[in-house]
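Each chain, written out:
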Amino acid sequence: MNNSKFIFRLIWQYFRFVLKVTKMIISFMPKILKKLIYKINKQLRFSISFKMTAVYTLIFSTTLFLLSVGLIIGFRFFLLNEVNVELTRYSALAVNYVKEDKNFQSFNSNIFSNIENVTFNVFDENKDLVYSTQKNKQGVSFHEDTSEYPVINEINQQLVFVTTKLDQNNKVFIIQLSKDLKKENEYWGIFCLIILFVNILSLMVTLGAGSKASKKMLLPIKDMTKTTKAISINALETRLNVSVSHDELKDLAETINKMLDGIQNSYEQQNQFVSDASHELRTPISVIQGYANMLYRWGKDDKEVLEESITAIKGEAEDMQLLVEKLLFLARSDKNTQKIEKAGFYVNELVDEIIKETILIDTLHEIKTDSNEKVSIYADKKLLKQALRVFIDNSIKYTPKGGTIILNSYIKKKNLMIEIIDTGVGIPKEDLPFIFNRFYRCDKSRAKESGGTGLGLSIAKWIIGKHNGSIIVESRPEIGTKISIGLPMKKNS
């Protein structure tokens, strides 16, 4: 009994093990099949040239086959029609001869003596053979499938019968002519062989010429692939040759070249951005490090040196913080992760707020507004204020003491217009196209004295652009600058 239980338990454990293994195999089957299919597809990977040749050869061969079938069937009908015409003519001659001569026995020596493969048979109204030019009379039989005459039949693709009913001496006779189609079948067979030979030759020529033509047509793609593989970070200036082809491949090459231009431009801008950022950060770091060394050496006991160092380190740290914040803002804008929270608000209140704050921090210029209409707009108030502050701060930096800075807002052609007008030193004409570029400064020495980084205008342009707005800059050296910002009044998502 114990042995039976042991055996049963062993069998059950074995069954569970087999079941578990089976489940594992079934669970892995889809992955195995997927890898297998991938490998098969990879091994059976055909080139575009092969696919083009195969497709066009298939189309050509199908068309050629249908045309050949049509020619063969048409030629067969032509041969049968010629036999039909021939036998119909002989039938008419036989009928006329019988009516004149009234003797069937003379047919062999008169009408049909020189006609090959044509047999003349005469049957009575009971379908019994009366006369035949065929030597073997036992093989002669009457063929009829209708009561109307003439009747044309093709028997086993060998004989064609034309039957004519004739009244002669108050007796009814049926004249039946037949012709052996052996010669016509030979002609038809030869024609079929010629068509087959022409088809095979045409397919061979098509395969060879099509393969060469497709490879020649796709040669620019091969050159493009070779050139593209040679492009790297150190060879971004390499471009595809577009002078060879004048079709869709040329459009593709031009598109790739434009893409490479964009990549190279972005790469160069990135390198320039990193270089400029490093340069901007290196200066305050050097200043902080210099004052820290000075404090370490003898500034601990010198109160003036200590205060000077602390003030300088604090100022440079604030400049670094401001620069890093601007860099982070631009980085988020490049990645489209900068949040924009739009809401409705009155622009005139924002203008009054900016003017009030500016007057508090700047007492050397006249800050005012000539037009500040009550206008509601749907925008990100915080970002819009940041952009306007950039323009106002630049006006303060580059306007001499006692100068005037005007901030206006009004409606023009269903758009909100915001103007910043100053009586500053102005911007040279050659610098105007570049003022919104990152780290660009018209007068680097003067900008450095005023603490500029060359990033503010880039940030302001991005903010206005995200509100579907436009910026127009008008400036004349030693007279002043006018910045016109246009914002649409409708809601923008």
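Keep in mind the model is a prediction, meaning the values are calculated, not measured.

A word on the side chain of Asn199. Mapped onto the elements, Asn199 comes out in helix H3 (residues 182-217). Among all residues touching Asn199, those that are not within four sequence positions of it are Leu64 and Ser68.

What follows covers the packing of aromatic side chains. In total, this model carries three aromatic pairs according to the counting rule given. Ring plane angle 25° and centroid distance 6.3 Å describe the contact between Phe75 and Phe78, whose orientation is recorded as stacked. Taken together, the residues Phe75 and Phe78, both in helix H2 (residues 48-101) and three residues apart, mark about one turn of the helix. Its relative accessible area of 45% is what places Phe78 among the partly exposed residues. Ring geometry for Phe329 against Trp462: centres 5.5 Å apart, planes inclined by 85°, an arrangement best described as edge-to-face. Taken together, the residues Phe329 in helix H6 (residues 303-334) and Trp462 in helix H10 (residues 456-466) connect sequence positions 133 residues apart. Accessibility classification places Phe329 together with Trp462 in one group, the buried group.

The next subject is the layout of surface pockets. A volume near 590 Å³ is recorded for the second largest pocket. Around the second largest pocket, the lining comprises 19 residues; the ones closest to its centre are Gln269, Phe273, Asp334, Arg438 and Ser458. Elements supplying a minimum of two residues to the lining of the second largest pocket: helix H5 (248-299), H6 and H10. Element by element, the count of residues in the lining of the second largest pocket is highest for H5, at six residues. Split by residue class, the lining of the second largest pocket holds seven nonpolar, seven polar and five charged.

Attention now goes to the pairing of strand S9 (residues 404-412). Of all nine residues making up S9, seven are buried, and the element is well covered by its neighbours. When strand S7 (residues 366-368) meets S9, the two strands line up parallel, connected through three bridges. Paired with Glu366 across the two strands is Thr404, which belongs to S9. Two elements, S9 and strand S10 (residues 415-422), share eight bridges in a ladder whose sense is antiparallel. From the neighbouring strand, Lys412 faces S10, where its bridge partner is Asn415. Between S9 and S10, which follow one another and run antiparallel, lie two residues, and Lys413 among them has a positive phi close to 55°.

Parameters and conventions
Residues numbered from 1 in each chain as written. Predicted model: local features only at pLDDT ≥ 70, side-chain atom pairs only at ≥ 80, totals over all residues. Heavy atoms only, no water. Helix = DSSP H or I, 4+ residues; strand = E, 2+ residues; numbered from the N terminus. Contact = heavy atoms within 4.5 Å. Phe/Tyr/Trp six-rings, centres within 6.5 Å; stacked < 30°, edge-to-face > 60°. Buried < 20%, exposed > 50% of the residue type's maximum accessible area, 1.4 Å probe, protein only. 1 Å grid on protein atoms, 1.4 Å probe; cavity = no way out; pocket = protein on both sides within 12 Å on 5 of 7 lines; lining within 4 Å. Points joined across faces, edges and corners; volume = space filled by probe spheres on them. Nonpolar A, V, L, I, M, F, W, Y, C, P; charged D, E, K, R; others polar. Pairing = 2+ DSSP bridges.

Functional significance is not addressed by these values, which are geometric in nature.
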